[in-house]
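This is what each chain is made of:
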Amino acid sequence: MPDNVNETAAARTQGEPVCIDARRVYDSCGDKDCLSDLPVYLSDASQALIDNAVNVRIRNADVLNVMLDIEPVPFNRGFYSIDITFFFSVTLDVYSSPNTAPQQVEGLCISDKKVILYGSEGNVRVFSSDMTADDYDTQNTPARSLPTANVQVAKPIALAVNVKGKKPCHKVCHKIPSAVLQQIGGNISERGERVVLATLGVFSIVQLLRNVQMLIPSYDFCIPEKRCESSTDSPCEMFSRLDFPTNEFFPPNVVENNPDNGGGCGCGCSD
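Description of the structure in this document.

So, how was this worked out
Residues numbered from 1 in each chain as written. Predicted model: local features only at pLDDT ≥ 70, side-chain atom pairs only at ≥ 80, totals over all residues. Heavy atoms only, no water. Buried < 20%, exposed > 50% of the residue type's maximum accessible area, 1.4 Å probe, protein only. Helix = DSSP H or I, 4+ residues; strand = E, 2+ residues; numbered from the N terminus. Pairing = 2+ DSSP bridges. Salt bridge = Lys/Arg side-chain N within 4 Å of Asp/Glu carboxyl O.

Counting buried positions along strand β3 (residues 79–95) gives 15 out of 17 residues, so the element sits mostly inside the fold. Linking two consecutive strands that pair antiparallel, namely strand β2 (residues 55–72) and β3, is a turn of six residues; a positive phi of about 60 degrees is found at F75 within it. Pairing of β3 with strand β4 (residues 103–118) involves 16 bridges; the strand directions are antiparallel. Counterpart to F87 in the pairing with β4 is I110.

A few words now on the environment of S120. Relative to the assigned elements, S120 resides in the loop between β4 and β5 (129–130). Overall, S120 belongs to the buried group, its relative accessible area being 15%. Along the primary structure S120 and L146 are separated by 26 residues, whereas in three dimensions their C-alpha atoms are 9.0 Å apart.

Summed over all chains, the structure comprises six salt bridges. Between D62 and K155 there is a salt bridge whose closest N-O contact spans 3.9 Å. Of this pair, D62 sits in strand β2 while K155 sits in the loop between β7 (148–153) and β8 (157–165); the two residues are 93 residues apart in sequence, bridging distant segments of the chain. Since its relative accessible area comes to 34%, D62 is described here as partly exposed. In this structure, the salt-bridge partner of K114 is D83, at a minimum N-O distance of 2.6 Å.

And the structure:
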């Protein structure tokens, strides 16, 4: 060990190796999916509007929740199958008659996805405890040796919507979380004359991670160098610190947004 504090500080400046517990990404994949003709599940009130509508348009889409299930792949050690269920909210503009303002309704779309990634192997069980305020420290549930699956999803692109005659079977085969169900009115209608089919564009990244001990160079602690500014009661003083929004008045053109587009093919290709 260093004899004094100065030697310790010098070692950190030169990159003293330290051991940390971190989540390492063992494998990942990215996808660009066009999800066509997803049934839009609606509440009873929204379904009644759709049945009497003269036109329906899609306005917006968003990700409400994602559920994941991970299992080892048989006879392929170190690989895992990840079953992903996406829950999307879809906002529809419903026109009850020509030349009238639309009514907005919220619907639910569900889509499944399966990927196989490498997550290495582990034969240990992890035990840990967390401090709880005003209570005894309790033991956490032991974690299995499976890796952790993460999914990152960008905001979906609402591409199209079609309204067709209702199919004989329109029941939901997925278990829907109650918080998701509340977003569309608390229930899903199993009656109605018409079904709405939405097409969404989705960008996603799936990762498999494990907690590992890694040796990394440590240079110093992250000490803040900026003072915290206290809030002020003067709205004009706060407004004076904001930059002028030049881009709002003079939107940048394509070349300014993407300098590589000037003169080339603009698709990341080379001559």
